[in-house]
Amino acid sequence: MIDIHCHILPGVDDGAADLSESVKMAKIAHADGISKIIATPHINEPSITRQSLIIRHEMLTQRLEEKMIPVDILLGGEVSFYLDSSQFNLHTLNGTKYILIEFPAGHLLQRAGEILFHLILKGFYPIIAHPERNAAILKNPDMLFNLLNMQVLVQITAGSLTGMFGQDSKACARFLLRKGAVSFIASDAHSARYRRPVLSEAVHKAGKIIGKENALKLVTTNPEAMLAGEKIRR
Ligand SMILES: [Fe+2]
């Protein structure tokens with residue numbers, strides 16, 4: 001499996017605090033059957049430089065090699081909607097045109113559609129991170145479907161399907177799966193103790209809704225296609 005959203009990079013955001021925590025997370029991911037992780041630290045201010053992320057990425061890759069933990073770490077970001085759009089091309093997922101976009105948790109900006117449209121015009125393929133945890137979308141899922149009409153993709157969080165974020169997010173995640181709106185399930189893991197990098201339980205639960213094969217696509221063939229830069233159809 002490939003986890004496209006994980007805060008495994010050490011010491012950069014509210015994810016792994018240090019390298020040893022990152023290594024613990026990689027061990028957990030490996031035990032769960034995850035072979036590749038895209039490290040997606042929060043990119044919410046211009047002071048987070050690409051170079052600082054590359055240095056941490058190299059440190060982590062080297063440490064995992066030393067420890068013989070067979071998990072490939074790729075580099076990306078969870079890009080805040082508020083970031084200046086001139087910065088976006090620095091933080092795509094593993095250098096592809098795919099970009100993981102984080103909305104504010106409490107509301108959906110009025111300009112969401114406009115900004116996503118401009119991203120698409122510039123050639124990006126936006127992926128909305130965990131809309132099932134957005135308060136405005138929970139109240140009115142049509143807001144999301146209006147955005148999806150523009151070829152925007154959706155990533156839901158594994159923990160939403162297992163109930164970690166409450167019944168409303170769980171119901172919304174299940175609803176989005178049933179509607180065929182979901183292209184990726186990812187861990188959005190932040191540590192080795194809580195919000196851990198595991199996908200298998202959520203994939204199992206998704207399989208009961210959309211069938212095992214379709215559920216597996218969300219953590220295998222869809223992420224592979226994304227990393228190959230191919231266009232993904234919902
Ligand atoms: Fe995240």
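Our structure's up above, just so we're on the same page.
As the structure is a computational prediction, the values presented were derived from the model and not from experiment.

### Comments concerning the layout of surface pockets
By volume, the largest pocket is sized at about 210 Å³. Forming the walls of the largest pocket are 13 residues, and the residues nearest its centre are G180, V182, I210, L218 and R234. Elements that contribute at least two residues to the lining of the largest pocket include exactly α7 (167–178) and α9 (212–217). A per-class count over the lining of the largest pocket returns 5 nonpolar, 4 polar and 4 charged. Of the volumes computed, that of the second largest pocket is approximately 170 Å³.

### Thoughts on unusual backbone geometry
Negative phi values dominate among residues other than glycine, just as trans dominates among peptide bonds. The phi torsion at H130 lies on the positive side, around 35°, for a residue other than glycine. Mapped onto the elements, H130 comes out in the loop between β7 (125–129) and α4 (135–139). Its relative accessible area of 9% is what places H130 among the buried residues. Even without being glycine, D188 reaches a positive phi, approximately 50°. Its location among the elements puts D188 in the loop between β9 (184–186) and α8 (200–210). Among the residues examined, D188 registers a relative accessible area of 2% and is labelled buried.

### Overview of the coordination of the iron ion
All of the protein donors around the iron ion are H5 (NE2), H7 (NE2), E78 (OE) and D188 (OD); their distances to the metal are 2.1 to 2.2 Å. Coordination geometry of the iron ion: the 4 donor atoms subtend angles of 84 to 171° at the metal centre, consistent with an arrangement described as irregular. Each donor residue of the iron ion belongs to the same chain, with the gaps between them written as H-x1-H-x70-E-x109-D. In this pair, H5 sits in strand β1 (residues 2–6) while E78 sits in strand β5 (residues 78–80), placing the two residues 73 residues apart along the sequence. E78 carries the same exposure label as H5, and that label is buried.

### What about the nonpolar core?
Side chains of nonpolar character tend, in soluble globular proteins, to be buried together. By size, the foremost hydrophobic cluster in this structure holds 61 residues, and its most contacted members are I8, I156 and I185. Counting residues per element, this core draws most heavily on helix α1 (residues 19–32), at 6 residues. Not counting residues up to four positions away in its chain, the partners in contact with I185 are I156, A158, L161, L199, A202, A206, L218 and V219. Counting residues in hydrophobic clusters, the runner-up holds 16 residues, among them I2, L153, A225 and M226.

### Structural notes on α1
Helix length check: α1 (14 residues) gives 20 Å between terminal C-alpha atoms against 20 Å at 1.5 Å per residue, within 8%. Among the residues of α1, those classed as buried are L19, E21, S22, V23, M25, A26, I28, A29 and D32. Contacts made by the buried residues of α1 are with β1, β2 (36–39), α2 (50–66) and α8. Immediately downstream of α1, the backbone of G33 shows phi near 95°, a positive value.

### Digging into a positive patch on the surface
Residues R174, R178, K179, K205 and K208 make up a contiguous surface patch of positive charge. Along the chain, the position of K179 falls in the loop between α7 and β9.

### Some thoughts on the packing of aromatic side chains
Applying the stated rule across the entire model yields 3 aromatic pairs. Measuring from ring centre to ring centre gives 4.7 Å for F81 and F103, while their planes differ by 45°; the resulting arrangement is tilted. You can see F81 sitting in the loop between β5 and β6 (98–102) and its partner F103 sitting in the loop between β6 and α3 (112–121), a full 22 residues away along the chain. By relative accessible area, F103 is classed as buried at 8%. The interplanar angle of 85° and the centroid separation of 6.1 Å between the aromatic rings of F145 and F175 together place this pair among those described as edge-to-face. You can see F145 sitting in helix α5 (residues 142–148) and its partner F175 sitting in helix α7, a full 30 residues away along the chain. Relative accessible area serves as the criterion here: at 27%, F175 is assigned to the partly exposed category.

Rules of the game
- Residues numbered from 1 in each chain as written.
- Predicted model: local features only at pLDDT ≥ 70, side-chain atom pairs only at ≥ 80, totals over all residues.
- Heavy atoms only, no water.
- 1 Å grid on protein atoms, 1.4 Å probe; cavity = no way out; pocket = protein on both sides within 12 Å on 5 of 7 lines; lining within 4 Å.
- Points joined across faces, edges and corners; volume = space filled by probe spheres on them.
- Helix = DSSP H or I, 4+ residues; strand = E, 2+ residues; numbered from the N terminus.
- Nonpolar A, V, L, I, M, F, W, Y, C, P; charged D, E, K, R; others polar.
- Buried < 20%, exposed > 50% of the residue type's maximum accessible area, 1.4 Å probe, protein only.
- Donors = N, O, S within 2.8 Å, 3.2 Å for Na, K, Ca; no water.
- Tetrahedral: all angles 85-135°; square planar, octahedral: opposite > 155°, others 65-115°.
- Core = buried A, V, L, I, M, F, W, Y, C linked by side-chain atoms within 4.5 Å.
- Contact = heavy atoms within 4.5 Å.
- Expected span 1.5 Å × (residues − 1).
- Patch = residues over 30% accessible without salt bridge, like charges linked within 9 Å, V, L, I, M, F, W, Y side chains within 5 Å.
- Areas by Shrake-Rupley, 256 points an atom, 1.4 Å probe, with all protein chains shown as cover.
- Salt bridge = Lys/Arg side-chain N within 4 Å of Asp/Glu carboxyl O.
- Lys, Arg positive; Asp, Glu negative; His and termini not counted.
- Charge placed at Lys NZ, Arg CZ, Asp CG, Glu CD.
- Phe/Tyr/Trp six-rings, centres within 6.5 Å; stacked < 30°, edge-to-face > 60°.

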